[in-house]
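Read off the chains here:
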Amino acid sequence: MEAVLYIIMALGGIAGIVLLLIMTVLAIRSGKEEQAREARQEERDKEYHERRMKELEAHRD
């Protein structure tokens, strides 16, 4: 009977480790996606600013 309990405890421990690994991988992936999203947003903001400055200069002339 004790052997069964030890096996159940070991499986629970292994499941916990697997869960932690999955959470770590998902956090890393999420961080990379967030960085890529921020980079795309910065590029769009930069393009908008450049376009807006050109429009203002054209309007001024």
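Above this note sits the structure.
Because the structure is predicted, anything quoted here is derived from the model rather than measured. (Residues numbered from 1 in each chain as written. Predicted model: local features only at pLDDT ≥ 70, side-chain atom pairs only at ≥ 80, totals over all residues. Heavy atoms only, no water.)

Asker: Lay out the overall build of the protein with the relevant residues and their values.
Answerer: Counting its regular elements, the protein contains 1 helix and 0 strands. A globule of 61 residues ought to have a C-alpha radius of gyration of about 10 Å, yet the protein, at 26 Å, is considerably larger. With the C-alpha coordinates aligned to their principal axes, the bounding extent of the protein is approximately 90 × 10 × 5 Å. Put simply, the protein has 61 residues, and 0% of those count as buried. Approximately 5,900 Å² of the protein is accessible, and the part contributed by carbon and sulfur atoms is 64%. Counting 10 positive and 12 negative side-chain charges, the protein places the centres of these two groups 3 Å from one another. (Helix = DSSP H or I, 4+ residues; strand = E, 2+ residues; numbered from the N terminus. Rg over C-alpha atoms; globule rule 2.2 N^0.38 Å. Buried < 20%, exposed > 50% of the residue type's maximum accessible area, 1.4 Å probe, protein only. Areas by Shrake-Rupley, 256 points an atom, 1.4 Å probe, with all protein chains shown as cover. Lys, Arg positive; Asp, Glu negative; His and termini not counted. Charge placed at Lys NZ, Arg CZ, Asp CG, Glu CD.)

Asker: I'd love a proper account of the pattern of salt bridges, names of residues and values included.
Answerer: Tallied over the full model, the rule gives 2 salt bridges. R37 is the partner of E34 in a salt bridge, and the nearest nitrogen-oxygen pair spans 3.1 Å. Placement of both E34 and R37 in helix α1 (residues 2-60) is noted, with a separation of 3 residues, approximately one turn of the helix. The closest approach of N and O atoms between R52 and E55, which form a salt bridge, is 3.5 Å. With a gap of 3 residues between them, R52 and E55 both fall in helix α1, about one helical turn apart. (Salt bridge = Lys/Arg side-chain N within 4 Å of Asp/Glu carboxyl O.)

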